[in-house]
There are 8 protein chains.
Amino acid sequence: MTKVGIVMGSDSDMPVMAKAADILEKLGVEYEMTIISAHREPDLFFEYAKSAESKGWKVIIAGAGMAAHLPGMCAAIFPMPVIGIPMHTTSLGGRDSLYSIVQMPTGIPVATVAINGGANAGLLAAKILATSDPELLQRLKDYSQELKEQVEAKAEKLAKVGYKEYTK
Amino acid sequence: MTKVGIVMGSDSDMPVMAKAADILEKLGVEYEMTIISAHREPDLFFEYAKSAESKGWKVIIAGAGMAAHLPGMCAAIFPMPVIGIPMHTTSLGGRDSLYSIVQMPTGIPVATVAINGGANAGLLAAKILATSDPELLQRLKDYSQELKEQVEAKAEKLAKVGYKEYTK
Amino acid sequence: MTKVGIVMGSDSDMPVMAKAADILEKLGVEYEMTIISAHREPDLFFEYAKSAESKGWKVIIAGAGMAAHLPGMCAAIFPMPVIGIPMHTTSLGGRDSLYSIVQMPTGIPVATVAINGGANAGLLAAKILATSDPELLQRLKDYSQELKEQVEAKAEKLAKVGYKEYTK
Amino acid sequence: MTKVGIVMGSDSDMPVMAKAADILEKLGVEYEMTIISAHREPDLFFEYAKSAESKGWKVIIAGAGMAAHLPGMCAAIFPMPVIGIPMHTTSLGGRDSLYSIVQMPTGIPVATVAINGGANAGLLAAKILATSDPELLQRLKDYSQELKEQVEAKAEKLAKVGYKEYTK
Amino acid sequence: MTKVGIVMGSDSDMPVMAKAADILEKLGVEYEMTIISAHREPDLFFEYAKSAESKGWKVIIAGAGMAAHLPGMCAAIFPMPVIGIPMHTTSLGGRDSLYSIVQMPTGIPVATVAINGGANAGLLAAKILATSDPELLQRLKDYSQELKEQVEAKAEKLAKVGYKEYTK
Amino acid sequence: MTKVGIVMGSDSDMPVMAKAADILEKLGVEYEMTIISAHREPDLFFEYAKSAESKGWKVIIAGAGMAAHLPGMCAAIFPMPVIGIPMHTTSLGGRDSLYSIVQMPTGIPVATVAINGGANAGLLAAKILATSDPELLQRLKDYSQELKEQVEAKAEKLAKVGYKEYTK
Amino acid sequence: MTKVGIVMGSDSDMPVMAKAADILEKLGVEYEMTIISAHREPDLFFEYAKSAESKGWKVIIAGAGMAAHLPGMCAAIFPMPVIGIPMHTTSLGGRDSLYSIVQMPTGIPVATVAINGGANAGLLAAKILATSDPELLQRLKDYSQELKEQVEAKAEKLAKVGYKEYTK
Amino acid sequence: MTKVGIVMGSDSDMPVMAKAADILEKLGVEYEMTIISAHREPDLFFEYAKSAESKGWKVIIAGAGMAAHLPGMCAAIFPMPVIGIPMHTTSLGGRDSLYSIVQMPTGIPVATVAINGGANAGLLAAKILATSDPELLQRLKDYSQELKEQVEAKAEKLAKVGYKEYTK
């Protein structure tokens, strides 16, 4: 059953949003991904955000860049957690996206992750669901173990070959 | 006939928004001022923005702080000019408000003025209306003349008393 | 049953953290609040973060300022959601805290709220728990309705008394 | 009849300014585009700005980078709306241009759009003219509809092919 | 004979500009100080900047805040050195003034000093004149000696009383 | 025997520098504190920096604000560690001081601490000396223990009185 | 006779410093260019700065990047104008260089130009010398005329070919 | 005997960390380099930091990017100096890393060097050890002499070939 909605305002955001989807697939969490612009199609957007709860969704992951209103507007309508991903921007490096997403007024939080932090948004959604899903929690722990082993493998390689060889 | 809507998301913005109203009153432009939060009452906000054109409004002045979505969401719905006023904020000095308002994506411009620039928002609204109202244009020119005379008076005072006396 | 841990690195952060506790109390969510410094007492901190899951906690809210490591280190150890509150700072306005909390590397998300966003951190924790608690979800909706009514009351007052009277 | 002047201080700004012209052409708004430097040819600039009203212009779109004085100096002379486009800059990303254009003192507003926001400047000029031109307003609404349909088409494509295929 | 013009756009800048005048008086350099707004009275400003050379001026010191155009526009017209003083601003701390003054395009330099650096602007003007005035150069050296002696006196006091007494 | 020099460019920096001295006194490390301006008395400064090694000093702590050259110039002359303290500044919050101190070119490191980080500069100096002084190292560990106990006492107080009482 | 010294701390700054030299050559001003690091060879640097006056120099142009101390240290020793050029930097875009050069304390001004503003530094040096050299002043006016004609030629080309052809 | 630990959180940091190792090798200082993530393997990290003193290490050099916790967490556990290297980041240029490392709270200093300042971190470690190792101090002086001679050689080349040839 789909529990996570992934939404972006522009298909230029898709490479970042795809990382959220990749993680959710890896962790066995069903999601639905779409493109909706709060600015260019406000009616459709409202419909989308209002119907999310009745579709059984528990989390929305919204990514946007520049004057990034999509995550905040989702949070104004959807009553459960909204995760915001600020997109990197050429001129301001993503500070514009970050401030537009994280600096929400009292009453309407957006759970903000790092600039271009698609994978972490997917992980955070899974962690939220894992608060009531012990099996998912176990899969998250397994994933953390994988990450740990990747670092250990690199440390071993470095110990073995030395940094001059490693950086070649 | 009311041609300008003034809207803010929080009554803490009112001292700045009042300056817009003061200028419009001085220039004889009718306006309607209200408080609507796009975040806390999205339904009311949509209704407000959608009905603005049928009420005969030609310009909306929207002020907001932090992750300031109100001006951009007005611009997503209202088809004529929306003027955005970024509010000063304690932590980021209003950069958050400024970026959230000015960095709009293609298709949805917001005419942004300076941080806390309430008076200039009112003036810009009047200038927009003056493109088809020669009498208002004349009043705007008279107002510019006033500003000029104020500076001249200060320059004369300085010439007369000297800077040491002036700054006492 | 306690489901939320609230932790800060310094008691100077308490006025902000108190807002998270206030919201949780209002929404009927049990929490435990303490002061632990990841920098000054790393052993105690590790113990704290490691035992959180076995105590039945589902969410940790961590606030910190400057080089704010507490939220990220909690997220390195606790497998469920960690919410980070960046504290305002005199010199950098809280940008240091914000960047130190939100810019987490892949694998270790921190759900970041606004600078000094204590109340929103509490709300976000409640929203996370509400993904599996329909009664809490209803209380969150009631709270949103309250916020909406507060804005409506202000709009009515403005319509009645006018902005000059309102700002007196 | 020409109603919009487009002016830039340097021909390096032309790719951005061209987007304003493109939109105006699409919307059937006549404009005149030129290059004038307020810094390198102040006399010509003054002449240009002073004669704009008598030529029947209603809006000036001015683009400039770095210490961007052209929009503000236009606004000091031309009594109707001036739209400012801050150019992206290598060292400061366009913050220098943005601050030099948006932070105007009381009395002299510049309607500022996003960094490199050429298309939005053209749209804003059209919206200003549309306050007294119902046919132009209709063309603006048609344009908004086009933008909406473009997003819908992308959403449909994503629904059909999936994100892995989409991002290939 | 007056060789330095001191100009500001607003009398709110006078406390900073006064420091430039104080230094010039101390060094025996004649100056003329006035208030002229390039934005509010562009005609007067042009007249002012154009007549400066014929009055025998060698340097103009111009101070301005926010979108600070005055120094750059002086430099566009006056062929000898223009010194710019960026004013501190509440929201952006003077970054807006600094960028608007220092980031001038090729061909039109403004010799920029620190934010609120009134005294240094006066000193720089004197140093420029001292390139052809050996007596003024000597007075500048005497002034530097004074500054040095002030620091030495403080160091002696510290050595004598200790820092605990010093900071009481 | 004096092993640490503490130097500042202006006596306005003394409240911050005093914290470095306080820590060194507490840890039993002898130091010499003085005021020398690299800008106003370059000859004295050179003499100071050159003679430091022959006086037996092992570390210099240098504090400065704005275009803070003192720490870097010390590091250009003194061959052992120089610790730099960036002073908070009104306009730029200390970013100017921080960048002027930390961004040193290859070959001339300055060990930079936080803005206004006087106490940490003293601690860092002690830690450097402790690399060859086991007794000092023990005193540093005792000091860390003290800090830890202070936090524990606060946590106990909070557990006892609750946050509402605590923040009264 | 050489009147201008051009100095940089690293030969990586030479492309920017070369623009200053190019302008001075064009304007017939003799200069001497060298590389001296205040950080890596403080003794040589002191010698250089101290001997500048006796060599008959009237202006020093100093360029530096990151924690850019060279211009400020020149100004601490040389009694006539020092012009500072902040170099662009990869990480901070030149803000570090700019702040390290422009934010000088009272008593030691550096005439700062734009980031990478080599040509303007050369022009500013010439303008300083032109305060006592009418022939150089005339050459500066001729140069300004050239710049103006370049812009006029571009405006004519645009008027003739249109922007679509121009930007091809 | 190994006296310096070099640690990074990710092998993407290795090109910068390698510069620290290169300098230490050149100066004859033994070190041990590894990869340990405080976020992905907190247990291993704790073990690493706790055992450092007993292995005889006197200094740890830690590099990290974004929300860079590794240096600060080392400093929370290891009682002698920790040197932090902030990594350059795409979106924020390394400001996030810099603030996360340098803005440490009282009691836990990190000796911070420039963004990507690997070589300076190695030099600073050597300078710290040189406070009790006269031979190492001499090697550091020899290295400084080398740097000086490199600059002198460049100055000679410039004097000989001229800047036009030099920059070809």
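This one's a predicted model, so the numbers in the text were calculated from it and none came from an experiment.

Our next topic: the side chain of H69 of chain D. Note that H69 of chain D resides in the loop between β3 (59-64) and α3 (70-77). On the basis of relative accessible area, H69 of chain D is assigned to the buried category, the value being 1%. Reaching out from H69 of chain D, the side chain makes a polar contact with the side chain of H39 of chain D at a distance of 2.9 Å. With near-sequence residues (within four places) excluded, H69 of chain D lies in contact with H39 of chain D together with A68, H69, G72, M73, S100 and M104 of chain E.

Our next topic: the packing of aromatic side chains. Per the stated rule, a full pass over the model turns up 24 aromatic pairs over all chains. Both rings, one in Y48 of chain B and one in W57 of chain B, keep their centres 5.6 Å apart while their planes meet at 70°; by these two values the pair is edge-to-face. The same class applies to Y48 of chain B and to W57 of chain B, which are both buried. Members of the aromatic cluster, each reached through a chain of ring pairs, are F45 and F46 of chain A together with F45 and F46 of chain B. Across the ring face of W57 of chain C, the terminal group of K55 of chain C is positioned such that the distance to the ring centre comes to 4.1 Å.

Residue and element names in this part refer to chain A. According to UniProt, the "binding site: substrate" (unreviewed entry) feature falls on S10, D13 and R40. Secondary-structure assignment places S10 in the loop between β1 (4-8) and α1 (14-26). Polar contacts involving the side chain of S10 include one to the side chain of S12, which spans 2.7 Å. Summarising the element assignment, D13 is placed in the loop between β1 and α1.

Our focus in this paragraph is the UniProt feature "domain: PurE" (unreviewed entry) in chain A. Mapped onto this numbering, the UniProt entry gives "domain: PurE" (unreviewed entry) at residues 2-151 of chain A. End C-alpha atoms of residues 2-151 of chain A are separated by 33 Å, and the span's content is 47% helix alongside 15% strand.

With that settled, consider the relation of the copies chain D and chain G. Superposition record for chain D on chain G: RMSD 0.0 Å, screw rotation 90°, translation along axis 0.0 Å. Taken together, the rotation and translation describe the operation of a four-fold axis. The residues that chain D uses at the interface reappear at the interface of chain G in only 5% of cases, marking distinct surfaces.

Attention now moves to the arrangement of the chains. Of all C-alpha pairs spanning chain A and chain E, none lies closer than 15 Å, and the two are not in contact. Across all C-alpha pairs, the smallest distance from chain D to chain F is 15 Å, and the two are not in contact.

For the match of chain F to chain H, the screw axis carries a shift of 0.0 Å, the RMSD comes to 0.0 Å, and the turn is 180°. Taken together, the rotation and translation describe the operation of a two-fold axis.

Moving on, we get to the pairing of strand β2 (residues 31-35) of chain E. Residues and elements named next belong to chain E. Of all 5 residues making up β2, 4 are buried, and the element is well covered by its neighbours. Across 5 bridges, the pairing between strand β1 (residues 4-8) and β2 is parallel. Residue pairing in the sheet places M8 in a bridge with I35 of β2. As a crossover connection, the stretch from β1 through helix α1 (residues 14-26) into β2 is right-handed.

Before going further, it helps to examine helix α4 (residues 95-102) of chain E. A large share of α4 of chain E lies buried, amounting to 8 of its 8 residues. When α4 of chain E is considered as a whole, its buried residues turn out to be R95, D96, S97, L98, Y99, S100, I101 and V102 of chain E.

Under the criterion given, the structure shown has 40 salt bridges over all chains. The salt bridge partner of E25 of chain E is K164 of chain B, with a shortest N-O separation of 2.7 Å. Within this pair, whereas E25 of chain E is found in helix α1, its partner K164 of chain B is found in helix α6 (residues 134-166), the two belonging to separate chains. Look at E25 of chain E and you get partly exposed, because its relative accessible area is 39%. Between K50 of chain C and D43 of chain H there is a salt bridge, with the nearest N and O atoms lying 2.5 Å from each other. Taken as a pair, K50 of chain C in helix α2 (residues 42-51) and D43 of chain H in helix α2 (residues 42-51) lie in two separate chains rather than in one. Among the residues examined, K50 of chain C registers a relative accessible area of 45% and is labelled partly exposed.

The rules we used
Residues numbered from 1 in each chain as written. Chains lettered and ligands numbered in written order. Predicted model: local features only at pLDDT ≥ 70, side-chain atom pairs only at ≥ 80, totals over all residues. Heavy atoms only, no water. Helix = DSSP H or I, 4+ residues; strand = E, 2+ residues; numbered from the N terminus. Buried < 20%, exposed > 50% of the residue type's maximum accessible area, 1.4 Å probe, protein only. Polar contact = N/O pair within 3.5 Å; in protein donor to acceptor, adjacent residues only side chain to side chain. Contact = heavy atoms within 4.5 Å. Phe/Tyr/Trp six-rings, centres within 6.5 Å; stacked < 30°, edge-to-face > 60°. Lys NZ or Arg CZ within 6 Å of the ring centre and 35° of its normal. UniProt positions renumbered as here; feature names shortened; annotations may be inferred. Least-squares fit on C-alpha atoms with pLDDT ≥ 70 in both. Pairing = 2+ DSSP bridges. Right-handed = clockwise from strand over helix to strand, strands pointing away. Salt bridge = Lys/Arg side-chain N within 4 Å of Asp/Glu carboxyl O.

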